Amino acid sequence: MKLYNKHRPKKYRNNKQIVILLGAGFVFPWVKLSSSSIKEAFIKDDTFSINGQTIGEFIFNKLDSFYDYGEANFETFIAAIESMMNYIISSTNIGKSVKNTSFTPVIYDLKETFSEIFKDKNEDEQRIYIHSIYQHFINLVLNKIKEYNKYVLDKKNERINKSLIEFISYLMNKRYSIKIYTTNYDRLIPQILSPHFKVYEALKDKANGNKVFIYDLQRFRKVHLSHFNLHGSIFLDTEIDPVKMKYSVIYNPQAPKYIKALNPDGGNPNEPLLFSPIITGYTKTQRGFSTPFNLGFNAFTNDCNDCRAIITMGYSFSDPHINSILSNFTCWGKSKLVNVTFTDEEFQKTPEGIAFDYEIYDLYKEYEDKTWFHSQKRKIHVYKKGVEDFLLDRVNWKYILEQDRKSTRLNSSHLAISYAVFCLK
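Residues numbered from 1 in each chain as written. Predicted model: local features only at pLDDT ≥ 70, side-chain atom pairs only at ≥ 80, totals over all residues. Heavy atoms only, no water.

Observations regarding the pairing of strand E8 (residues 236-241)
Line of reasoning, step 1. Taken across its six residues, E8 has five buried, putting it largely inside the fold.
Line of reasoning, step 2. Pairing between E8 and strand E9 (residues 246-251): six bridges, direction antiparallel. Note on E9: the bridge partner recorded for Asp241 is Lys246.
Line of reasoning, step 3. The antiparallel hairpin formed by E8 and E9 contains four residues in its connecting segment, where Met245 sits at a positive phi of about 55°. (Buried < 20%, exposed > 50% of the residue type's maximum accessible area, 1.4 Å probe, protein only. Helix = DSSP H or I, 4+ residues; strand = E, 2+ residues; numbered from the N terminus. Pairing = 2+ DSSP bridges.)

Quick notes on the nonpolar core
Line of reasoning, step 1. Residues Phe167, Ile168, Leu193, Phe390 and Ile400 are the most contacted members of the largest nonpolar core, which totals 122 residues.
Line of reasoning, step 2. The element that contributes the greatest number of residues to this core is helix H6 (residues 123-149), accounting for 11 residues.
Line of reasoning, step 3. With sequence-adjacent residues up to four places away left out, Phe390 is seen in contact with Phe167, Met313, Val338, Val340, Trp372, Tyr383, Asn396, Trp397 and Ile400. (Core = buried A, V, L, I, M, F, W, Y, C linked by side-chain atoms within 4.5 Å. Contact = heavy atoms within 4.5 Å.)

Examining the sheet that holds strand E10 (residues 309-313)
Line of reasoning, step 1. Taken in spatial order, the eight strands make up an open sheet running E7-E4-E1-E10-E11-E14-E13-E12, and their pairing is mixed. Each having just a single partner strand, strand E7 (225-229) and strand E12 (365-368) make up the two edges of the open sheet. The average angle at which neighbouring strand axes cross in this sheet is 15°, direction not considered.
Line of reasoning, step 2. As paired elements, E12 and strand E13 (residues 372-375) share three bridges and run antiparallel to each other. Among the inter-strand pairings, Lys365 is bridged to a residue of E13, identified as Ser375.
Line of reasoning, step 3. Across the face of the sheet, helix H11 (residues 293-306) comes into contact with strand E1 (17-22), strand E4 (177-182), E7 and E10 while running at roughly 130° to E1. (Axes fitted to C-alpha atoms, helices over the stretch in contact; angles between N-to-C directions.)

Regarding helix H13 (residues 351-359)
Line of reasoning, step 1. Turning to H13, its buried residues number three or more, namely Glu352, Gly353, Ala355 and Phe356. Down the axis of H13, the buried set is contained in an arc of 160°. They therefore lie on one face. Residues of H13 that are exposed and point over 90 degrees away from its buried face: Pro351 and Tyr358.
Line of reasoning, step 2. Tucked into the core, H13 has its buried residues touching strand E11 (336-340) and strand E14 (380-383). (Arc of directions from axis to C-beta.)

Section: the side chain of Thr183
Line of reasoning, step 1. Relative to the helices and strands, Thr183 is located in the loop between E4 and helix H8 (188-193).
Line of reasoning, step 2. The exposure class of Thr183 is buried, given its relative accessible area of 10%.
Line of reasoning, step 3. Contacts of Thr183, omitting those with residues within four sequence positions, involve Leu21, Leu22, Gly23, Ala24, His231, Asp319 and Ile322.

Let's talk about the environment of Ala355
Line of reasoning, step 1. Mapped onto the elements, Ala355 comes out in helix H13.
Line of reasoning, step 2. According to the relative accessible area criterion, Ala355 is buried, its value standing at 16%.
Line of reasoning, step 3. For Ala355 and Asn323, which are 32 residues apart along the polypeptide, the C-alpha to C-alpha distance reads 9.0 Å.
Line of reasoning, step 4. Excluding residues that lie within four positions of it along the chain, Ala355 makes contacts with Phe317 and Ile360.

What follows is the structure in structure tokens.
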């Protein structure tokens, strides 16, 4: 297996970039952790109970009575808890101000809805209790991720790990910069790739074993191979910055539990959110503007604008903030998109295909079979047999570089002019 030389210089002279976006389905070759399995864990967890029901069962019953039955998932649940927490904290604040208090309690009276949950609790106890519930279920998600994250390098995963290494090596030996972004909360990519490649994550070692983030966007974008958890990580933590005398988000290799009730920077005016190491629920856009997440989203936006190709693996196109970046900042004149998914249906009839056509790029089918969907003008290629099969057979990788092979017939000046014209359209 020919691997890319880990010790080559960090920067390329050209600007050949490939963006890889990983969604929840990407981890299936390593573990079958689904949204429904986390929902089930929420329902069964008996740490908090109400009238003989777990709080998970109680809230999901409420949600199912409002939405179509079974439509609400664990992120809907977290969003509901976070809305409740916003209401309780705002309604019990002392010295209410537009700078520190949401107007939600003025508009909506939710006391009746919450009466069963907060029965016999005073205002201070309500604040502590609702944060305990939120904290507990965030930790439940973190523990689910930790369960598989520590086994990524086990022998049973040797074959798929080797295929992932070969895939990245294949692209880098073609002199591409590889920019990997994931919506997952694990360390799967750095664990597998770091022994073979220099993977940059905008982190700097501290004397105490933790790492701090380096907020240098240009440096992040110029490296050969980068990785960023767009929606946070099980390894994010906070500590007090002795210089600024306020907390900062750090990387903690011990993967601590989430226990702190701190306000992050960023977010909406007068709608304070409590820090969470992961972005889940319905506050993704607010949290995306706080550190360190804003570094990743800014780099992702710029990389989509510059890249020759975008590869999505296991991404369902259900995050509007990410879809907006893909749609508006991808330079479709010079870029293509290869989507790796798993479906037995016609791609355009799947929820994923419908979302792609509506939010990302118009789909006009040229050809489709059980394995591939190809759009007209060969802009979009969809592999339908899943992440594992895609990585294990390098024949599948040919569509990523197809356009570049054709482009080599053009001289460099013609190329530069063509790309500029396309991007201005």
